[in-house]
Amino acid sequence: MFSNRTIIILYVVVSIFLWYDFLYNRLPNTYGPKVALKPVRKLALSMSVKTIESDKNVLNKAMHMEHLHHIPALKMRWMISQLLPCLNRVKIRNNTETSDVNTSAWVFPNRWGEDTIWINGNVWDEMPEDFKARSLIHECTHLILKTLDYAYIHQEKYSGLRGYNATYNADSITNLIHMISYFN
């Protein structure tokens, strides 16, 4: 099989790679001052509450459009209600160190410290308020519901998500909330 020396060398190489990735890719994305964003939080909370309180037929129709019709509406209401404390109290930091203009916000779920949403200060001010609220909702789904980014709404594969991948896709839940609050 492998000798002890080979395993140690492999361990050292992988460790160096992971530290490099952390120090030069992840750590710079965790700088920035705390920001309150009270109007954006309020809008995100309002959008979520409108979805929770929406008529069952409206919720079912919207869930069907997002390919979430395989789970009961009551479970979806419960899932969205789990986001409310996050939207209300999560720490938000403004990061201007990133050069990624395609990302508005990000989180590192289950990593270190308390849950934090980092916003991209380079693009945040130019975004419409409802897109800022969507970003907070999207990131809270990662932190609270443990969703992943199987596909974003602007990607072609988004419309093909089904079952578990649709249920635990952050943009599917975010778009459901945005759609219902828009039409209510």
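In case you missed it, the structure is sitting above this.
Quick caveat: nothing in here was measured; it's all calculated off a predicted structure.

What am I meant to see in the packing of helix H3 (residues 56–65) against helix H4 (residues 73–81) here?
When two helices pack together, their arrangement is given by the angle between the helix axes and the distance between those axes. Two elements in contact, H3 and H4, have axes whose closest approach is 10 Å; the angle formed by their N-to-C orientations is 85 degrees. Here H4 runs roughly perpendicular to H3, going by the angle between their axes. Of the residues in H4, those in contact with Lys56, Leu59, Asn60 and Met63 of H3 are Ala73, Met76 and Arg77. A class-by-class count of the residues in the contact of H3 with H4 yields four nonpolar, one polar and two charged.

Looking at this structure, I do not really get the pairing of strand S4 (residues 116–120). What am I missing?
On any regular strand, side chains alternate: one points to one face of the sheet, the next to the other face. Burial analysis of S4 places five of its five residues in the buried class, which makes it a mostly covered element. For strand S3 (residues 105–106) and S4, the ladder comprises two bridges, and the chain directions are antiparallel. Across the sheet, Trp106 pairs through a bridge with Trp118, a residue of S4.

Teacher, can you tell me more about helix H8 (residues 170–183) here?
A rise of 1.5 Å per residue sets the reference length of H8, with its 14 residues, at 20 Å; its end C-alpha atoms lie 20 Å apart and thus fit the reference within 8%. The buried fraction of H8 amounts to 12 of the 14 residues, a majority that puts the element mostly inside the structure. If you follow the buried residues of H8, they end up packed against helix H2 (38–52), H3, H4, helix H6 (129–145) and helix H7 (163–167).

What exactly am I supposed to notice about unusual backbone geometry here?
The backbone phi angle of Leu37 is positive, close to 55 degrees, even though this residue is not glycine. One can find Leu37 in the loop between strand S1 (34–35) and H2. At His67, a position not held by glycine, the phi torsion is positive, near 60 degrees. Here His67 shows up in the loop between H3 and H4.

Got a minute to help me understand a nonpolar patch on the surface in this structure?
Taken together, the side chains of Ile8, Tyr11, Val12 and Ile16 make up a nonpolar region of the molecular surface, amounting to roughly 440 Å² of accessible area. Inspection of the secondary structure assignment puts Ile16 in helix H1 (residues 4–26). Ile16 sits in the exposed class, given a relative accessible area of 56%.

Conventions we followed
Residues numbered from 1 in each chain as written. Predicted model: local features only at pLDDT ≥ 70, side-chain atom pairs only at ≥ 80, totals over all residues. Heavy atoms only, no water. Axes fitted to C-alpha atoms, helices over the stretch in contact; angles between N-to-C directions. Helix = DSSP H or I, 4+ residues; strand = E, 2+ residues; numbered from the N terminus. Parallel < 35°, antiparallel > 145°, perpendicular 65-115°, else oblique. Contact = heavy atoms within 4.5 Å. Nonpolar A, V, L, I, M, F, W, Y, C, P; charged D, E, K, R; others polar. Buried < 20%, exposed > 50% of the residue type's maximum accessible area, 1.4 Å probe, protein only. Pairing = 2+ DSSP bridges. Expected span 1.5 Å × (residues − 1). Patch = residues over 30% accessible without salt bridge, like charges linked within 9 Å, V, L, I, M, F, W, Y side chains within 5 Å. Areas by Shrake-Rupley, 256 points an atom, 1.4 Å probe, with all protein chains shown as cover. Salt bridge = Lys/Arg side-chain N within 4 Å of Asp/Glu carboxyl O.

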